[in-house]
Amino acid sequence: MTTDPRITAPQNGQRNRGPWTGWDAPRERWLLSGFPRDGRERAMLLELAARIVFPTVLVLSIYLLFAGHDRAGGGFSGGLVAGQAFALRYLAGGRMDDSAIISLRPPVLIGLGLTIATLTGFVPLMFGNELLESAIYKIGVPLLGQIKFVTSIVLDIGVYLLIIGVVLDLLRTLGSGVEADAAAAERGQA
Amino acid sequence: MSAFVLVHLLVALALPAVARRNTRAAFAIAAVPPAAALTWVLARSGSVLSGDAVVEQIPWAPLLGLEFTFRLDALALLMTLLVAGIGVLVLVYSIGYFQPGSGDARRSAPLLLAFAGAMFGLVLADDLLTVYVFWELTTICSFLLVGQAGISRESRRSALQALMITTMGGLAMLLGFVVLGEAAGTYRISEIIDEPPGGAQLAVAATLILVGALTKSAQMPFHNWLPTAMVAPTPISAYLHAASMVKAGIFLVARLGPVFVGVPQWWVPTLVFGLFTMVVGGWRALHETDLKKLLAYGTVSQLGFLMVLVGQGTYAAALAGAAMLLAHGMFKATLFLVVGAVDHQAGTRDVRELSGLGRRMPALAIIALLAAASMAGLPPMLGFLGKEAAFGAFLGTGGGGLLVDFVLVLGSVFTVAYSARLLWGAFGDKPGVHPTAAKPPNALLLVPAAVPAFAGVVLGVGYPLTDELAGSYAAVFGAGADAPHLELWHGFELPLLFSVLAVAAGLWAHAARARLTAVRNRLPKLLDAQRGYERMMALLERTAVGVTGRTQVGSLPTYLAIILLTVLAVPGSVLLYHAHIPDDMRLYHNLLQVPLAVLVIIAAIAAVRAKRRLTAVLVVGVIGYGIGGLFIVDGGPDVALAQFLVETLTMVAFVFVLRRLPTRFTKGDAARSLRWPKLALSVAGGVVIALAAVLFSAARQRPPDVSADFIAQSEKGAGATNVVNAILVDFRAFDTVGEISVLAVAATGVASLVLASRFDRRRRSTRGAAAVASAEKPGAVLSGNGHRHEEVQE
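Residues numbered from 1 in each chain as written. Chains lettered and ligands numbered in written order. Predicted model: local features only at pLDDT ≥ 70, side-chain atom pairs only at ≥ 80, totals over all residues. Heavy atoms only, no water.

Side note on the overall build of chain B
Helices and strands together make up the secondary structure of chain B, namely 35 helices and 2 strands. By the compact-globule yardstick of 28 Å for 794 residues, chain B is too spread out, its C-alpha radius of gyration being 35 Å. Principal axes of the C-alpha set define a box for chain B whose edges measure 110 × 70 × 50 Å. The buried share of chain B, reckoned over its 794 residues, is 48%. Taking all contacts inside chain B whose residues are at least 6 apart in sequence as the whole, residues at least 24 apart take part in 79%. For chain B, the separation between the mean place of its 59 positive charges and that of its 46 negative charges on side chains is 16 Å. (Helix = DSSP H or I, 4+ residues; strand = E, 2+ residues; numbered from the N terminus. Rg over C-alpha atoms; globule rule 2.2 N^0.38 Å. Buried < 20%, exposed > 50% of the residue type's maximum accessible area, 1.4 Å probe, protein only. Contact = heavy atoms within 4.5 Å. Lys, Arg positive; Asp, Glu negative; His and termini not counted. Charge placed at Lys NZ, Arg CZ, Asp CG, Glu CD.)

Side note on the overall build of chain A
Counting secondary structure elements, chain A contains 4 helices and 2 strands. Helices (α) and strands (β) of chain A occur, in sequence order from the N terminus, as α-α-α-β-β-α. Considering chain A as a whole, with its 190 residues, one finds that 40% of them fall into the buried category. Sequence separation of 24 or more characterises 61% of the internal contacts of chain A that already satisfy a separation of 6 or more.

Focus: the pairing of strand S1 (residues 136-141) of chain A
Residue and element names in this part refer to chain A. Taken together, the 6 bridges between S1 and strand S2 (residues 145-150) define a ladder with antiparallel strand orientation. Each residue of the ladder has a partner; that of Gly140, found in S2, is Gln146. The loop that links S1 with its antiparallel partner S2 comprises 3 residues; one of these, Leu143, has a positive phi angle of about 75 degrees. (Pairing = 2+ DSSP bridges.)

A word on the interface of chain B and chain A
Counting residues at the interface gives 49 residues for chain B, matched by 52 residues for chain A. Taking both partners together, chain B and chain A bury about 4500 Å²; carbon and sulfur atoms supply 67% of that area. At the junction of chain B and chain A, the tally comes to 0 salt bridges. Here chain B and chain A share 8 residue pairs in polar contact (both at pLDDT 80 or more) between them. Broken down by secondary-structure element, the contributors of at least two residues to the side of chain B that touches chain A are helix H29 (637-658), helix H32 (705-717), helix H33 (723-731), helix H34 (733-768) and helix H35 (786-793) of chain B. Counting residues per element, the side of chain B that touches chain A draws most heavily on H34(B), at 15 residues. (Buried area = accessible area lost by both parts, 1.4 Å probe. Salt bridge = Lys/Arg side-chain N within 4 Å of Asp/Glu carboxyl O. Polar contact = N/O pair within 3.5 Å; in protein donor to acceptor, adjacent residues only side chain to side chain.)

Brief notes about the packing of aromatic side chains
All names here are of chain B. One pass over the full model with this rule turns up 17 aromatic pairs over all chains. Between Phe68 and Phe70, the aromatic rings sit 6.5 Å apart at their centres with planes inclined by 5 degrees, giving stacked as the arrangement. The buried category is assigned to Phe70, whose relative accessible area is 2%. Aromatic side chains Phe710 and Phe731 sit 4.7 Å apart centroid to centroid with 10 degrees between the ring planes, which places their arrangement in the stacked category. Of this pair, Phe710 sits in helix H32 while Phe731 sits in helix H33, and the two are 21 residues apart along the sequence. Taking the relative accessible area as the measure of exposure, Phe710 reaches 18% and is therefore buried. Lying across the ring of Trp135, Lys216 places its NZ or CZ 5.0 Å from the centre. Looking at Lys430, its charged tip hangs above the ring of Trp424, at a distance of 5.0 Å from the centre. (Phe/Tyr/Trp six-rings, centres within 6.5 Å; stacked < 30°, edge-to-face > 60°. Lys NZ or Arg CZ within 6 Å of the ring centre and 35° of its normal.)

Details of the pattern of salt bridges
Side chains carrying opposite charge are able to pair once their charged atoms draw close together. Residue and element names in this part refer to chain B. Taken as a whole, this structure holds 10 salt bridges over all chains when the rule is applied. Salt-bridge contacts for Arg107 lead to Asp104; the nearest nitrogen and oxygen are separated by 3.0 Å. Here Arg107 and its partner Asp104 are both found in helix H6 (residues 103-124), 3 residues apart, which amounts to about one turn of the helix. One salt bridge connects Asp735 with Arg732, and the closest N-O pair in it is separated by 3.0 Å. Residue class for Asp735 comes out partly exposed when judged on its relative accessible area of 33%. With relative accessibility at 40%, the residue Arg732 sits in the partly exposed group. One connected set of salt bridges, linked through shared partners, spans Arg71, Asp73 and Arg255.

Considering the nonpolar core
The biggest cluster of nonpolar side chains holds 191 residues, and the ones touching the most others in it are Leu256(B) and Phe260(B). Considering every element that reaches this core, the biggest residue donor is helix H16 (residues 315-346) of chain B, with 23 residues. Aside from chain neighbours lying at most four places away, what touches Leu256(B) is Leu128(B), Phe177(B), Ile189(B), Ile209(B) and Trp266(B). Leu65(A), Tyr160(A), Ala653(B) and Ala733(B) belong to the second-largest nonpolar core, a separate cluster that totals 39 residues. (Core = buried A, V, L, I, M, F, W, Y, C linked by side-chain atoms within 4.5 Å.)

Quick look at the environment of Ile581(B)
Residues and elements named next belong to chain B. Looking at where Ile581 falls in the secondary structure, it is placed in the loop between helix H26 (556-577) and helix H27 (593-609). For the pair Ile581 and Leu77, spaced 504 residues apart in the sequence, the C-alpha separation amounts to 72 Å. Setting aside anything within four residues of it in sequence, one finds Ile581 in contact with Leu691 and Leu695.

Points about helix H2 (residues 23-30) of chain B
Residue and element names in this part refer to chain B. Those residues of H2 not exposed but buried are Thr23, Ala26, Phe27 and Ala30. The buried residues of H2 all sit within an arc of 95 degrees when viewed along its axis, so they share a single face. Those residues of H2 that are buried lie in contact with helix H1 (2-21), helix H3 (32-43), helix H5 (74-97) and H6. The opening residue of H2 is Asn22, an N-cap whose side-chain oxygen sits 3.0 Å from the backbone nitrogen of Arg24. (Arc of directions from axis to C-beta.)

A look at unusual backbone geometry
Residues and elements named next belong to chain B. Each neighbour pair has its own omega, and for Met220 with Pro221 the value is 5 degrees, a cis peptide bond. Mapping Pro221 onto the fold places it in the loop between helix H10 (200-216) and helix H11 (225-228). A cis amide bond, omega 5 degrees, links Pro379 with the succeeding residue Pro380. You can see Pro380 is positioned in the loop between helix H18 (362-376) and helix H19 (382-394). Phi at Ala218 is positive, roughly 55 degrees, even though this residue is not glycine. As for its position among the elements, Ala218 is in the loop between H10 and H11. Judged by relative accessible area, which is 0%, Ala218 ranks as buried.

Some words on a positive patch on the surface
Residues and elements named next belong to chain B. Positive charge collects at one region of the surface, where Arg609, Lys611, Arg612, Arg664, Arg672 and Arg675 lie side by side. On the secondary structure map, Arg664 appears in the loop between H29 and helix H30 (669-673). For Arg664, a relative accessible area of 44% gives the class partly exposed. (Patch = residues over 30% accessible without salt bridge, like charges linked within 9 Å, V, L, I, M, F, W, Y side chains within 5 Å. Areas by Shrake-Rupley, 256 points an atom, 1.4 Å probe, with all protein chains shown as cover.)

Side note on the UniProt feature "transmembrane region" (unreviewed entry) in chain A
Residues and elements named next belong to chain A. Here the UniProt-annotated "transmembrane region" (unreviewed entry) positions come out as residues 45-66, 72-92, 104-127 and 147-168. From the first C-alpha to the last, residues 72-92 spans 29 Å; its make-up is 86% helix and 0% strand. End C-alpha atoms of residues 104-127 are separated by 33 Å, and the span's content is 88% helix alongside 0% strand. (UniProt positions renumbered as here; feature names shortened; annotations may be inferred.)

Observations concerning a nonpolar patch on the surface
Residue and element names in this part refer to chain A. Taken together, the side chains of Tyr137, Ile139, Leu143, Leu144, Ile147 and Phe149 define a hydrophobic patch exposed on the protein surface, amounting to about 670 Å² of accessible area. Of all the elements in the fold, those that place two or more residues in the nonpolar patch are S1 and S2. Looking at where Tyr137 falls in the secondary structure, it is placed in strand S1. Judged by relative accessible area, Tyr137 falls into the partly exposed class, the value being 45%.

Details of the packing of H18(B) against helix H20 (residues 399-427) of chain B
All names here are of chain B. In the contact formed by H18 and H20, the axes pass within 9 Å of each other and the chain directions differ by 170 degrees. Judged by the inter-axis angle, H18 sits roughly antiparallel to H20. Here Leu364, Ala365, Ala368, Leu369, Ala372, Met375 and Ala376 of H18 come into contact with H20, specifically with Thr415, Val416, Tyr418, Ser419, Leu423 and Phe427. Considering only residue class, the contact of H18 with H20 consists of 11 nonpolar, 2 polar and no charged. (Axes fitted to C-alpha atoms, helices over the stretch in contact; angles between N-to-C directions. Parallel < 35°, antiparallel > 145°, perpendicular 65-115°, else oblique. Nonpolar A, V, L, I, M, F, W, Y, C, P; charged D, E, K, R; others polar.)

In structure tokens:
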């Protein structure tokens, strides 16, 4: 991570730290990517929390996706939780950098989700079954015991991706879109 | 047969990948499926002409009785010769015509093939709804092929005009199909022909179907889309707007002719519109200076002629009609391809600029001469056979028949005149015009134009073959004892006299064209179909703007008020009428409900009293969480989870938007005066919804069977112990797919709107801010509270 030139790590031996009141002001970007918010107040606690919580929430969302079959959860809830992880990340770190490691444009994600959900519906037709019919497979795995795989989970994955896409689209339009708008208006008035 | 149609469409789908690299290869590949289809059909022609139709049926939606039915009979064979035969020629011609790698070529290759497939499906279809599907597919292909890149306003307008007029007719036709199919009890054309229904329904169906046929085949006054569609590249005009697509209307009339024999709503319009179109189209063709426009009006005229012949429902007229259908496809395709070659080599197709090309391109001139001779009806061409038979078909039916023949001769005079004008205009030496510099076209342009021209000669000289082809279609009307035949020599009879008259008068008309044009310019312009169309479109647009402006006022309170009033009026009044408060109502059934309800009520009151927008949003969020809490108490963790998540996300979205809105609610004077009505409406709306909630939840007496069934099935059938999830992804998975589709559409729509309005504003601001460009530096530092500044100013 230190090789990433976008992160301006504090140089060793740098003594000039300015007045002591600013010592605890963050000097490096806490989040992996994202634009610095010029002059805007940064909430260090929020950034730090977002950085710690973000992956955890994503894992939770995947848990919800798979747990949905037997407990509360499902693709819709899982997608919303993951989306809110991104929302938190956006609130803390500003709009996402296009050069982020994984950069998926929201419309692509929405389309991907819809495609997966729709196509899985047609797969049973190829085996002579009804549209959207699901099948149950049980696989014995050493150490883990028996794992139940229900094909309808694929539909749920489609829903999951689509919901994430919708939330990211929201962040892109109402979030950074409105922000860029405000910046443009500011420049126009200046 | 269905396989051929499918192969056309599939290859067309794959073709863009080829066209991107090599357009010439793409056209060559595109020519293969029609060639295969033509070979296959020709191989079966022997048995088909002897009356053995090849039938194929594919169930589509059997529950609805929908199926694709294909049937290769004599008429289909005749049309396939045109559709597939000329299709191959046009595609080969396109290799030489289009600039390699140009955008037009890249677009046209797959579209032309798709069109050929749709047209092939149309002529083979034996089911009214199958006909409709392919009919509209051809319209769409035509729209795309005429519009091309849509860069020029003219191409856009022409493409749209063709689309508007033909789909309008197509919709009427669909209605007619439904009337006919329901009256007959079947949509199979061959079955309807065997047992045609009768009565008023038949008359209604005839009228509606004719609207479709007349618009598609460019009969006056719906003809105007055809000349304007000539902005398309010439091979496309040759194929779609001369040889095949515009024949679809003629084909349909020919196909359904046996059903409507003797129905006046069928034969009178075809006769009247046809004759009128033939004469007026020919008259207008005579005055055009653009060779392509000349041919277009010539096509309109000939389509009128064909309409007269196929609409009559007699053996003789059908025989002439089939012969003319074949003849017209051949000579008109040739002439379009010739004009395309002239345009391609000389760079112009204006009669006033071309001169002396006959000497430079003798081969092309001979080809054009053969085709024009067929068009003018000179022996021994195919066109002569058709025209003689046509004149003969109306003799012996009394004074009316003679009158029809008189109009047909008048139309033929114009046909001869514009044929001569075409030859003279393209190839003649004109005094005072500098000889056009042009090289002769290469074989790729020459051969495809030559094939149908020579076919016209062969089918004319080999008239017994033509007679068999056309006669086997006409046989559906019953040949009778002394059935007429197509022959080159009938003896000295009236039709021959008519032909001689037409040729002589036509040549005179060509010689006297300048005087005729002067006469035309003096005639008052009574009706102009093009202007009529434009006025109608303008009226439509004005009405649309007016209606939208009045209903979409852009005020959120107004929309809300309309929605609430509707709720009060429709379900609300019924609800009050049937209101029946259940007796066993309890205040609560779980103690936890009480604090949650109190919380929700307090939050609701606070939302109304809030002065700041942010406060209002937060308080509304509290209401949502309170409702979520109630879900948990009632044992719905899934619903509660979704409720909490959606509520959170909604609040985040609200906060995003609130950044661009004033912090406090503003109240204008208008708002103050409307305060009481608003209050009354909101209270009434709230009461009705609350009442509905109570009544609806009390209406359920016991758990419905379906719930029990879901619960019983979820573990075994769907492999889920969570029945809510089992319903979502298995039992009602179709609903889920539908819902997420709606969600995707809505999200994309909202995002597009937001981004589009941003883009608009940005463009406006860059235009206005040219003077203050120095301030436009990207990444300009905002002042710390600039954000807030702006909120106040908005």
